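# Coordinates in review
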Amino acid sequence: MKRTSTIVLQVVIVLIGILALAIMIRFPLTEGRATNLDLFSIYADPLILYAYAASIPFFIALYKAFKLLGYIGQNKAFSLNSVRTLRSIKYCAIVLSVLIVMAGLYIKIFHSTDDDPAGFFAMCIVTTLVSIVVATAAAVFEKKIRERTTI
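This is a predicted model, so every value here is computed, not measured.

### Describing the nonpolar core
Counting ten residues, the largest nonpolar core is built from I13, L62, A65, L68, L69, V83, L86, I89, A138 and I145. Elements supplying a minimum of two residues to this core: α3 (46–73), α4 (80–110) and α5 (118–149). Examining the composition of this core, we find that four residues originate from one element, α3, more than from any other. Among all residues touching L62, those that are not within four sequence positions of it are I13, I16 and G17.

### Details of the state of the cysteines
Summed over the entire model, instances satisfying the criterion amount to zero disulfides. Considering cysteine sulfurs only, C124 is the nearest to C92, which forms no disulfide, with 19 Å between them. A relative accessible area of 11% means that C92 is categorised as buried. Judged by relative accessible area, C124 falls into the buried class, the value being 10%.

### Considerations on unusual backbone geometry
Positive phi values are uncommon outside glycine, yet N75 reaches one of about 60 degrees. As for its position among the elements, N75 is in the loop between α3 and α4. The exposure class of N75 is exposed, given its relative accessible area of 67%.

### Concerning the environment of I125
Structurally, the position occupied by I125 is in helix α5. On the basis of relative accessibility, which here comes to 53%, the residue I125 falls in the exposed class. With 24 residues separating them in the primary sequence, I125 and V101 have C-alpha atoms 8.0 Å apart.

About the thresholds
- Residues numbered from 1 in each chain as written.
- Predicted model: local features only at pLDDT ≥ 70, side-chain atom pairs only at ≥ 80, totals over all residues.
- Heavy atoms only, no water.
- Core = buried A, V, L, I, M, F, W, Y, C linked by side-chain atoms within 4.5 Å.
- Buried < 20%, exposed > 50% of the residue type's maximum accessible area, 1.4 Å probe, protein only.
- Helix = DSSP H or I, 4+ residues; strand = E, 2+ residues; numbered from the N terminus.
- Contact = heavy atoms within 4.5 Å.
- Disulfide = S-S within 2.5 Å.

Quick look at the structure:
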């Protein structure tokens, strides 16, 4: 892969991280329950705090993907470091999917009867499936690199 291609992909990963962070900061302010709350009460909501804690594996995986692209740009794609990085991405994706399912179960059990959580469940399903696809792809790439490097 050309060095410019890896740099472009690294820039895309940074932009994804910035966009995700901006959404995490802005969304709680625009959510329906936040209209009459002060700033501390908005960000002290247990579900918002859980979302911030659950986002840690996402940002770790983004960082690891950035590092993996750095290895690829240095022509070290088939190295032990690449295998370790892919393994970390796989574990982050698995943890993230479990945390998303747990959030969905929490909302299913404790949501208000006046509220319709169908949109939240749809987001949970989509993001869980994306996390599973990322974990599977990372596992396949990890296996292929491991076979090629005979680690």
